[in-house]
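# Breakdown of the fold
Next come the chains, spelled out residue by residue.
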Amino acid sequence: MISSDDVPRPEPGAGQLLVRVKAAGVGNWDALIREGTVQLQPLPLILGAELSGIVEDIGADVSGFNVGDQVYGATNAQFTGAYAEYAVPLARMIAPKPKSLGFVEAASAPIVAVTAWQMLFDYARVTRGQTALILGAAGNVGAYAVQLASDAGVHVIAVAGAAHRQYLTMLGAERVVDYTTECVEDAVSGVDVVIDTVGGEAQHRALRVLKRGGILVSAVSLVPEPLQEQYGVRATYFYVDVTNARLNTISELFDTGKLVTDVGTVLPLDKASLAHEMLGGAPHRRGKIVLSIA
């Protein structure tokens, strides 16, 4: 259950910043913690992994930040603490906010954009001229993967519902496969890379479209070794590692117009429960759900 409570303003410890939160992104990780699927710290806790805001104070052993800086990023290794008026994120997971983005847009981006970056460049190591199949391409991670891959000169095949075809084409997809009417393995073959943001049966079917020696990178689930061997492919599963350096790279891409955000529903902090109902399937706009914090 999510409830709103008054708690003392936190003090930044070593390696932390005190940030007056202006907006917090709402993501699937938050729902896993709320449901108890992921248990990294005892209850009660403050949900929220992504934030943007203004530096109010600086803890010991922190350099490179000043009071008044506008920042964005992730909170900590547990990905908690952002649904609040004040948060104490680790400085190493925070960076100056992109100049081209407002606070709401900035809060929608850090973890999902860094996840897409790592999938493509740290794990798949894509190169110009390769072909990448992106599962869940209209989702928050998938849409960034489409943009980043296209900008890198990769041929992008996006898997999504037909309603998102125009949007994904605008982001850089050369082809959109409608998973509701087409079998991916019948429509596509011989791709170099699969970017998996879906998991399950879609992940297993996507193994069949990889060329031998190709790689599937998942932010959702592992691919069993026997399946990798059966198809002669590689697969990896990882947790995102949000760092100052990666955030600075993402910021530059926003500020040079190579990335765009997709903010969906914006709600006040006291509507966090409604935001989680939307995560669970209640109607909402495509794009990232964000809490705007007064």
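Residues numbered from 1 in each chain as written. Predicted model: local features only at pLDDT ≥ 70, side-chain atom pairs only at ≥ 80, totals over all residues. Heavy atoms only, no water.

## Observations regarding helix 1 (residues 28–35)
- For helix 1, every residue scored as buried is listed here: Asp 30, Ala 31 and Ile 33. Each buried residue of helix 1 sits inside an arc of 160° when the element is viewed along its axis, so together they form one side.
- Contacts made by the buried residues of helix 1 are with strand 1 (17–26) and helix 10 (272–279).
- Following helix 1 by one or two positions, Gly 36 has its phi on the positive side, about 85°. (Buried < 20%, exposed > 50% of the residue type's maximum accessible area, 1.4 Å probe, protein only. Helix = DSSP H or I, 4+ residues; strand = E, 2+ residues; numbered from the N terminus. Arc of directions from axis to C-beta. Contact = heavy atoms within 4.5 Å.)

## Focus: the packing of helix 3 (residues 110–123) against helix 9 (residues 244–255)
- Two numbers describe how helix 3 lies on helix 9: the axes approach to 10 Å, and their chain directions differ by 100°. Considering their axes alone, helix 3 and helix 9 lie roughly perpendicular with respect to each other. Together, Pro 110, Ala 113, Val 114, Trp 117, Gln 118 and Asp 122 of helix 3 and Arg 246, Leu 247, Thr 249, Ile 250 and Leu 253 of helix 9 make up the contact between the two elements.
- In terms of residue class, the contact of helix 3 with helix 9 is built from seven nonpolar, two polar and two charged. (Axes fitted to C-alpha atoms, helices over the stretch in contact; angles between N-to-C directions. Parallel < 35°, antiparallel > 145°, perpendicular 65-115°, else oblique. Nonpolar A, V, L, I, M, F, W, Y, C, P; charged D, E, K, R; others polar.)

## Focus on the nonpolar core
- Counting residues in each nonpolar core, the largest one holds 52 residues, and the members touching the most others are Leu 120, Tyr 144, Val 146, Leu 168, Ile 195, Val 242 and Ile 250.
- Looking at this core element by element, the count peaks at eight residues for helix 3.
- Setting aside residues no more than four positions away along its own chain, Val 146 makes contact with Ile 134, Ala 137, Val 156, Leu 168, Leu 171, Gly 172 and Ala 173.
- Among the nonpolar cores identified, the runner-up in size contains 25 residues, and Leu 17, Val 38, Val 55 and Ala 275 belong to it. (Core = buried A, V, L, I, M, F, W, Y, C linked by side-chain atoms within 4.5 Å.)

## Section: the packing of aromatic side chains
- A full pass over the atoms with the stated rule returns six aromatic pairs.
- On the numbers, 4.3 Å between centres and 50° between planes, the contact of Trp 117 with Phe 121 is tilted. Placement of the pair is Trp 117 and Phe 121 together in helix 3, with a separation of four residues, close to one helical turn.
- Trp 117 sits in the partly exposed class, given a relative accessible area of 22%.
- Through successive ring pairs, a cluster of aromatic residues spans Trp 29, Phe 79, Tyr 237 and Tyr 239.
- Note that Lys 97 overlies the ring of Phe 103, its terminal NZ or CZ placed 5.2 Å from the centroid.
- Lying across the ring of Tyr 167, Arg 286 places its NZ or CZ 3.6 Å from the centre. (Phe/Tyr/Trp six-rings, centres within 6.5 Å; stacked < 30°, edge-to-face > 60°. Lys NZ or Arg CZ within 6 Å of the ring centre and 35° of its normal.)

## Some details on the sheet that holds strand 9 (residues 191–196)
- Pairing within the open sheet is parallel, and its six strands lie in the order 8-7-6-9-10-11. With one partner strand each, in any of the chains shown, strand 8 (175–178) and strand 11 (234–237) form the two edges of the open sheet. The sheet shows a mean angle of 15° between the axes of neighbouring strands, direction not considered.
- Here helix 3 sits on the sheet in contact with strand 9, strand 10 (210–218) and strand 11, set at roughly 145° to strand 10. (Pairing = 2+ DSSP bridges.)

## A word on the environment of Leu 51
- Its location among the elements puts Leu 51 in strand 2 (residues 50–58).
- Between the alpha carbons of Leu 51 and Ala 74 there is a distance of 6.3 Å; along the sequence they are 23 residues apart.

## Structural notes on helix 3
- Between the first and last C-alpha of helix 3 there are 18 Å, a value that for 14 residues agrees with the 20 Å anticipated at 1.5 Å per step.
- When the local axis directions of helix 3 are compared, the greatest deviation, roughly 25°, occurs at Trp 117.
- Across the 14 residues that make up helix 3, a large majority, 11, are buried.
- Of the residues flanking the end of helix 3, it is Arg 125, one or two places downstream, whose phi is positive at about 50°. (Expected span 1.5 Å × (residues − 1). Bend = angle between axes of the 7 residues up to and from the residue.)

## Observations regarding unusual backbone geometry
- Although it is not a glycine, Asp 61 adopts a positive phi angle of roughly 65°.
- Tracing the sequence through the fold places Asp 61 in the loop between strand 2 and strand 3 (70–74).
- Residue Asp 61 is classed as exposed on the basis of its relative accessible area of 74%.
- Phi at Arg 125 is positive, roughly 50°, even though this residue is not glycine.
- In this structure, Arg 125 sits in the loop between helix 3 and strand 6 (131–135).

## Digging into the pairing of strand 6
- A large share of strand 6 lies buried, amounting to four of its five residues.
- Examined bridge by bridge, strand 6 and strand 7 (residues 155–160) share five bridges and lie parallel to one another. Note that in strand 7 the partner of Leu 133 across the bridge is Ile 157.
- In terms of handedness, the path from strand 6 via helix 4 (residues 140–151) over to strand 7 forms a crossover that is right-handed.
- As paired elements, strand 6 and strand 9 share four bridges and run parallel to each other. Looking across to strand 9, one finds that Leu 135 is bridged to Asp 196. (Right-handed = clockwise from strand over helix to strand, strands pointing away.)

## Remarks on the pairing of strand 1
- Here strand 1 lies mainly inside the structure; eight of its 10 residues are buried.
- Bridging between strand 1 and strand 2 involves eight bridges; their strand directions are antiparallel. Following the sheet pairing, Arg 20 is matched in strand 2 by Ile 54.
- Relative to strand 4 (residues 86–87), strand 1 runs antiparallel, the two sharing two bridges. Along strand 4, the bridge assignment pairs Val 19 with Ala 87.

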